[in-house]
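Residues per chain are reported as follows:
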Amino acid sequence: MPALIVSSESTPRAVALRERATIGRGMESDLVVPDPVLSRVHAEVQRRPDGYYIVDCGSRNGTFVNETPVVKERRLQDGDVVRAGVCRFTFVSSLPDSAADAYLPPTASGNPKLALEPTRPGFGFGQADAGLMQLSQAASELSGCESLEEVLAKAAQILANVSGGDEAGIALLEGQPSTVTPRASFNRAEAHAPVLPPTDLIRQVIASETAKVSRLQNSDAGPISSICVPLKHMGSDRTFGFAYATRFVGGRGPLGYAEETLIGVLAHLLTANIEAWRAREMETANLQARSDLKVAAAVQQQLLPPKAFTSGEYEFAAQCCPSLTVGGDYFDVEGGTRQICMALGDVSGKGAGAAMLMMALRTCVRAHWGKGTLAEAANEMNKELLENLPDDRYATAFLSRLDPASGRLTYVNAGHIPPWLLRANGTVERLTSGGTALGLMDHSIFDSSVVRLNPGDTFVACTDGVVEGLQGSTLGDDLLTSLLQQKAPKLS
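The structure displayed is predicted, hence computed values, not measured ones.

### A look at the confidence of the model for the chain
Summarising the model, the chain shows a mean pLDDT of 83, and 87% of its residues fall at 70 or more. Across residues 97-129, where pLDDT falls below 50, the model places 72 contacts with residues more than four positions away in sequence or in other chains.

Structure, rendered in structure tokens:
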């Protein structure tokens, strides 16, 4: 006797087929399925001389055989799986009459009537509540986790429970280039045994960007059925991971549309929790980074000389204001009555990376600025920085030595913005002589020049941030020159 095998939570159930049988959500159908996706009379199974046919009765959401849409009608073959809405029925061409009769409750007219049987738990009136309860409980459990790892581990277990699977897992796309990385798994038979991702299904999911179900597949443990659902970033279609489950078929039937629907909803819950935890982790990392930068800024400021001090007849004033918390600009002054060494430097780049290279520049300058002639010292600094700075980094610097007794200022301008020498009589000189930036070229040659500071003269040097902060590099330089000329009498 031909029949439709309807899977249930406990055991499959057979529904014998006679001449015709209609399927739908309306009470006028022979097989009533309380699924709002179905039409009142959704489809009909008809017996014809050459076999049984499934006929779509103009349903709104379609009838499928082996996941292929039925266009008007299709002949059923032994083992075909019919899906209408969330319900699945397996057509078998032969079933012992005695076995079939046991499943056929008599009707008032005495004629057998097809039994009502939702295909999977979680659907139908009472069982829909059970599915919603599972998802509601899953949302509660995931929101109560205290780390991303706990979220993933809990999600793998929930995934197995919701799908009725024997194994389940979560894999994320990580690294550059992105690779599928298993992050959590649940094995019902062996608690600590890893669950390998279904690579073939994952390839199909990546290619189609939709969930995929492998209804029946041979394995060493027997026939299995697997499902894989993509995890996509909220508000975009970019896949960042996969949720998957596997069931050993046995007498329970393969995974299908119902499980796909439940796992799809669970995937949205999981995605929301993963992104929430990643946001928390990023915020924690940002807070830690800001805290570390504050410490680094304090250390950097501690390495600078006092902002204002006097040495003999000379008054010094300086300030460092990085555009970020830390930066690559610095100044330094050291010496006494016989010689005062001064340096102003600017490492290419900004932020923490530039700040670290600034430390290397400061150490290098302090190691050489008092040795030999200033030009020789600049050459040694250039060699050392070529060895220690990355290839794409360099430093501009203004290096000088002041003889307090004579006012002689010997200097080397290594690619830096030329400082201003504001004479007491109102004239302005720019100190340009020197060479290229430090750490830029292997065979750079540096020359030193000498100017004399007279009473009332003012020497001003700055990094490019001051000039660019006015009106850009060219206009800013002219504007700063004009401002210094106006303020020179007050500065002196």
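### Some words on the environment of Asp329
Here Asp329 shows up in strand 19 (residues 329-335). For the pair Asp329 and Ser348, spaced 19 residues apart in the sequence, the C-alpha separation amounts to 9.0 Å. Sequence-distant contacts of Asp329, defined by excluding residues within four places in its chain, comprise Cys320, Gly345, Asp346, Met358 and Thr463.

### Focus on the sheet that holds strand 23 (residues 420-422)
Judged by pairing direction, the sheet is antiparallel, and its three strands sit side by side in the order 24-23-27 without closing on themselves. Each edge of the open sheet carries a strand with a single partner, namely strand 24 (428-430) and strand 27 (458-460). Pairs of neighbouring strands in the sheet enclose a mean axial angle of 20°, with direction left out of account. Bridge count between strand 23 and strand 27: three bridges; the pairing is antiparallel. Among the inter-strand pairings, Trp420 is bridged to a residue of strand 27, identified as Val460.

### Looking at the pattern of salt bridges
With the rule as written, the count across this model stands at 15 salt bridges. Of the charged contacts, one joins Glu44 and Arg20 as a salt bridge, the two residues approaching to 2.5 Å between their closest N and O atoms. Within this pair, whereas Glu44 is found in strand 5 (residues 43-48), its partner Arg20 is found in strand 3 (residues 20-24), the two being separated by 24 residues in sequence. By relative accessible area, which is 11% here, Glu44 ends up buried. The exposure class of Arg20 is partly exposed, given its relative accessible area of 48%. Here Arg366 ties to Asp332 by a salt bridge, and the two come within 2.6 Å at their closest N and O atoms.

Conventions used here
Residues numbered from 1 in each chain as written. Predicted model: local features only at pLDDT ≥ 70, side-chain atom pairs only at ≥ 80, totals over all residues. Heavy atoms only, no water. pLDDT = per-residue confidence, 0-100. Contact = heavy atoms within 4.5 Å. Helix = DSSP H or I, 4+ residues; strand = E, 2+ residues; numbered from the N terminus. Pairing = 2+ DSSP bridges. Axes fitted to C-alpha atoms, helices over the stretch in contact; angles between N-to-C directions. Salt bridge = Lys/Arg side-chain N within 4 Å of Asp/Glu carboxyl O. Buried < 20%, exposed > 50% of the residue type's maximum accessible area, 1.4 Å probe, protein only.

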